[in-house]
Amino acid sequence: MRIAAAIFDVDGLMADSEPLHRAAWHELGRQCGFPTYPTDAAESLGQRVIENLRLRHAQGRFHQDPVVLLDRYHEILIKLIRERLQPKPGLREALAFVHSRGWGCAAASSGDRVYIDVVLDVLGVRSFFQAVATGDEVAEGKPDPALYLLAAARLGVAPAECVALEDSPRGVQSAKAAGMRCIAVPEEAADVSAADAVCESLFTAVDVLQRWSAGQD
């Protein structure tokens, strides 16, 4: 296959942010008086936060307006990101490899732009990306393909010439539904078998990209 672009997920793939999301969720529940459970994090992996809030609201977990709670969630999360966020091992190497090939590079995240911009700034990697697509810009989040299709369109690259890098089952499904090859770097035990390659780290993901760009697979 010809590769013209790489599209990166953000949470859990580029940065060790899932623990911060869990902490923000539990702090939101504490402040707003609704129960949170350990299973919430696994159930919402790769899901837009507003969808998670709407689901819990429908379940009767709280009665506040989910949109209002989303704003409060972002306030809590952004504070944690600025204090604690760390890049995943191999992130800069993966981005540098994509840049060295002259490929387009985009981020496609279920997260909202208000905090994805902060993540890219804190990680110091914004200059690598020609395009960003976020969950608040599409009608349906992952596993719908809309996010990946939007990222490819902003790069001006056909989806079939894009490789997606993901960490969650929803994300893998989204990329494959968009017609892209997908490399999964799962953060936890998760069914990412639909991916074209599964790697232990972004370092090994670079090895796969090298083989694919050389036409070896």
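As the structure is a computational prediction, the values presented were derived from the model and not from experiment. Each chain carries its own residue numbering, running from 1 in the written order of its sequence. It should be noted that, the model being predicted, local features are given only for residues of pLDDT at least 70 and side-chain atom pairs only at 80 or more, the latter also being counted only at that level, while totals for whole chains, interfaces and linings use all residues. As a convention, hydrogens and water are excluded, and side-chain values are obtained from all of the structure's heavy atoms.

1. What about the layout of surface pockets?
Move 1: Computed over the protein atoms alone on a 1 Å grid, cavities are sets of points where a 1.4 Å probe fits but cannot get out and pockets are open sets with protein on both sides within 12 Å along at least five of seven lines; a residue lines them when it has an atom within 4 Å of a point. Grid points are joined across faces, edges and corners, and a volume is the space filled by probe spheres set on the points. The space that makes up the largest pocket amounts to roughly 440 Å³.
Move 2: Residue lining of the largest pocket: 29 residues in total, with E18, H21, S44, L45 and G46 positioned closest to the centre.
Move 3: Here a helix means four or more residues in a row that DSSP labels H or I, a strand means two or more in a row labelled E, and each is numbered from the N terminus. When contributions to the lining of the largest pocket are tallied by element, the ones reaching two or more residues are helix 1 (18–32), helix 2 (39–43) and helix 3 (49–58).
Move 4: Looking at the lining of the largest pocket element by element, the count peaks at 5 residues for helix 1.

2. Thoughts on the nonpolar core
Move 1: The term nonpolar core refers to a set of buried residues drawn from Ala, Val, Leu, Ile, Met, Phe, Trp, Tyr and Cys, joined through side-chain atoms within 4.5 Å. Relative accessible area decides the class of each residue, using a 1.4 Å probe on protein chains only: under 20% of the type maximum gives buried, over 50% gives exposed, and in between gives partly exposed. The biggest cluster of nonpolar side chains holds 55 residues, and the ones touching the most others in it are F8, M14, V125, F129 and I183.
Move 2: Sort the elements by how many residues they give to this core and helix 4 (residues 66–84) lands first, with 8 residues.
Move 3: Any pair of residues with heavy atoms lying within 4.5 Å of one another is described as a contacting pair. The contacts of I183, once residues within four sequence positions are left out, are V163, A164, L165, E166, A197, C199, A205, V208, L209 and W212.
Move 4: Counting 24 residues, the second-largest nonpolar core is a separate cluster that includes I7, M180, C182 and A184.

3. Considering helix 7 (residues 146–155)
Move 1: For helix 7, the set of buried residues is L147, Y148, A151, A152 and L155. Each buried residue of helix 7 sits inside an arc of 130° when the element is viewed along its axis, so together they form one side. Arc, as used here, means the arc of the directions from the helix axis to the C-beta atoms.

4. Details of the packing of aromatic side chains
Move 1: Aromatic contacts are taken between Phe, Tyr and Trp rings whose centres are within 6.5 Å, Trp giving its six-membered ring; a plane angle under 30 degrees counts as stacked, one over 60 as edge-to-face, and the others as tilted. One pass over the full model with this rule turns up 4 aromatic pairs.
Move 2: Put simply, the rings of W25, F34 and F62 pair up and form one aromatic cluster.
Move 3: Our definition puts a charge over a ring when NZ of Lys or CZ of Arg is within 6 Å of the ring centre and also within 35 degrees of the ring normal. The ring of W212 has R181 lying over it, and the distance from NZ or CZ to the ring centre is 4.3 Å.

5. Examining the packing of helix 4 against helix 6 (residues 113–123)
Move 1: Only the contacting stretch of a helix is used when fitting its axis, a line to C-alpha atoms as for every element, and angles between N-to-C directions run 0 to 180 degrees. Look at helix 4 against helix 6: their axes get within 10 Å of each other, and the N-to-C directions meet at 5°. Looking at the two axes, helix 4 sits roughly parallel to helix 6. Residues H74, L77, I78, I81 and R82 of helix 4 form the contact with helix 6, whose participating residues are V114, Y115, V118, V119 and V122. Each angle receives one of four descriptions, namely roughly parallel if under 35 degrees, roughly antiparallel if over 145, roughly perpendicular if within 65 to 115, and oblique otherwise.

6. Observations concerning the side chain of S17
Move 1: Secondary-structure assignment places S17 in the loop between strand 1 (5–8) and helix 1.
Move 2: Within polar-contact distance, the side chain of S17 engages the side chain of D11 at 2.7 Å.
Move 3: Among all residues touching S17, those that are not within four sequence positions of it are D11, G12 and L85. Any N or O atom pair separated by 3.5 Å or less is treated as a polar contact, with the protein-specific requirement of one donor-capable and one acceptor-capable atom, and with residues adjacent in sequence counted only for side-chain atom pairs.

7. Let's talk about the packing of helix 1 against helix 4
Packed helix pairs are specified by the crossing angle of their axes together with the interaxial distance, meaning the distance between the axes.
Move 1: Where helix 1 meets helix 4, the axes come as close as 9 Å, and the angle between the chain directions of the two elements is 135°. When the axes of helix 1 and helix 4 are compared, the pair comes out oblique. The two elements helix 1 and helix 4 cross, and the hand of that crossing is right-handed. Residue-level contacts link L20, H21, A23, A24, W25, E27, L28, Q31 and C32 of helix 1 to L69, R72, Y73, I76, L77, L80, I81 and R84 of helix 4.
Move 2: Charged means Asp, Glu, Lys or Arg here, nonpolar means Ala, Val, Leu, Ile, Met, Phe, Trp, Tyr, Cys or Pro, and polar covers whatever is left, Gly included. Grouping the amino acids of the contact of helix 1 with helix 4 by side-chain chemistry returns 12 nonpolar, 2 polar and 3 charged. For any pair of crossing helices, the crossing counts as left-handed if the nearer helix is rotated counterclockwise from the farther one by less than a right angle, and right-handed if it is rotated clockwise.

8. Focus on empty space enclosed by the protein
Regions of empty space are outlined by a rolling probe, equal in size to a water molecule, passed over the atoms.
Move 1: Counted under the stated rule, the structure contains 1 cavity of 30 Å³ or more.
Move 2: Put simply, the largest cavity is a space of about 30 Å³.
Move 3: Residue lining of the largest cavity: L95, V98, H99, W103, C105, F128 and Q130, and that is the complete set.
Move 4: When residues of the lining of the largest cavity are assigned to their parent elements, the largest contribution, 3 residues, is made by helix 5 (residues 91–101).

9. What to know about the sheet that holds strand 2 (residues 104–109)
Move 1: Pairing is parallel across the open sheet formed by 6 strands, whose spatial order is 3-2-1-4-5-6. Looking at strand neighbours, the two that pair on one side only are strand 3 (131–134) and strand 6 (197–198), the edges of this open sheet.
Move 2: When DSSP locates at least two bridges between a pair of strands, those strands are taken to pair. In the sheet, strand 5 (residues 181–184) pairs with strand 6 via 2 bridges, with the strands oriented parallel. In the strand pairing of strand 6, I183 is matched with A197.
Move 3: Contacts from helix 8 (residues 169–177) reach strand 4 (162–166) and strand 5 within the one sheet, and its direction differs from that of strand 5 by about 165°.

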